[in-house]
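Coordinate inspection notes
Chain by chain, the residues:
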Amino acid sequence: MPLLRANQALRALKSSSSPCSSSTLSKCSLPACTTMSAGSQRTFTGTTMRSSGDAHEDHYDPPTGWLWGIKPGEKPEKEGWETVWFYGFYGSLAVGVIGYAFKPDTSIQTWALEEARRRLEVEGILKEPEDKP
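We now turn to the structure provided with this report. Since the structure is predicted, the reported quantities are computational estimates derived from the model, not experimental observations.

The phi dihedral of tryptophan 68 falls on the positive side, at around 55°, and the residue is not glycine. Judged by relative accessible area, tryptophan 68 falls into the exposed class, the value being 74%.

Okay, here's the thing in structure tokens:
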């Protein structure tokens, strides 16, 4: 069967014979009449849509007027993940800073300076640095 264009499909749908007349469309209970009533949309699936609150309790906390719901002077209750997160985050940050501080210098400028000094020392233009005892 060849594919129809959208406007041809709409014309074919409008011209198809319906078991209900247009005057009785709102009273008709046949599926052909109710699925294409004015303003309605057809879905691609036959399953019913659930609202988001069907399977879970309400997550809304009404506003109390306090920041994060904690009154001034009260100590917040610690949750189980906070200690692990604190030591994991700041521990890895400390390891990263120490690693960055002690990383080897691999820049092209440093290499070029050392190579130029080595070549000048070989040619005798630059004296070798003396080690002080």
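Text resumes after the structure shown.
Tallied over the entire structure, the rule returns five aromatic pairs. Seen from their ring centres, tryptophan 85 and tyrosine 90 are 6.3 Å apart, and the 85° between their planes marks the pair as edge-to-face. On the basis of relative accessible area, tyrosine 90 is assigned to the partly exposed category, the value being 42%. Through a chain of ring-to-ring contacts, three or more aromatic side chains come together here, namely Trp85, Phe86, Tyr87, Phe89 and Tyr90.

Glancing now at the side chain of glutamate 115. By secondary structure assignment, the location of glutamate 115 is in helix H4 (residues 108–123). For glutamate 115, a relative accessible area of 17% puts it in the buried group. For glutamate 115, the side chain forms a polar contact with the side chain of arginine 118, separated by 2.6 Å.

Along its 16 residues, H4 runs 22 Å from first to last C-alpha, staying within 8% of the 22 Å computed at 1.5 Å per residue. With respect to burial, H4 is a largely exposed element, only one of its 16 residues being buried. Just past H4, the residue glycine 124 takes up positive phi, approximately 90°.

This part covers the pattern of salt bridges. Applying the stated criterion across every chain yields a total of two salt bridges. Arginine 118 is the salt-bridge partner of glutamate 115, the closest N and O atoms lying 2.6 Å from each other. Highlighted residues: glutamate 115 and arginine 118, both in helix H4, separated by three residues, approximately one helical turn. Note on arginine 118: relative accessible area 43%, which makes it partly exposed. A salt bridge links glutamate 115 to arginine 119, with the shortest nitrogen-to-oxygen separation between them at 3.1 Å. Here the residue glutamate 115 and the residue arginine 119 both occupy positions in helix H4, the gap between them amounting to four residues, near one helical turn. Three or more residues are tied together by salt bridges with common partners; here these are Glu115, Arg118 and Arg119.

Let us now look at a nonpolar patch on the surface. Among the surface-exposed residues, Trp81, Trp85, Phe86, Tyr87, Phe89, Tyr90, Leu93 and Val97 lie close enough to one another that they form a single nonpolar patch of about 920 Å² accessible area. Among the secondary structure elements, tyrosine 90 is positioned in helix H3 (residues 80–101).

Definitions and limits used
- Residues numbered from 1 in each chain as written.
- Predicted model: local features only at pLDDT ≥ 70, side-chain atom pairs only at ≥ 80, totals over all residues.
- Heavy atoms only, no water.
- Buried < 20%, exposed > 50% of the residue type's maximum accessible area, 1.4 Å probe, protein only.
- Phe/Tyr/Trp six-rings, centres within 6.5 Å; stacked < 30°, edge-to-face > 60°.
- Helix = DSSP H or I, 4+ residues; strand = E, 2+ residues; numbered from the N terminus.
- Polar contact = N/O pair within 3.5 Å; in protein donor to acceptor, adjacent residues only side chain to side chain.
- Expected span 1.5 Å × (residues − 1).
- Salt bridge = Lys/Arg side-chain N within 4 Å of Asp/Glu carboxyl O.
- Patch = residues over 30% accessible without salt bridge, like charges linked within 9 Å, V, L, I, M, F, W, Y side chains within 5 Å.
- Areas by Shrake-Rupley, 256 points an atom, 1.4 Å probe, with all protein chains shown as cover.

Honestly, it's all geometry; don't read function into it.
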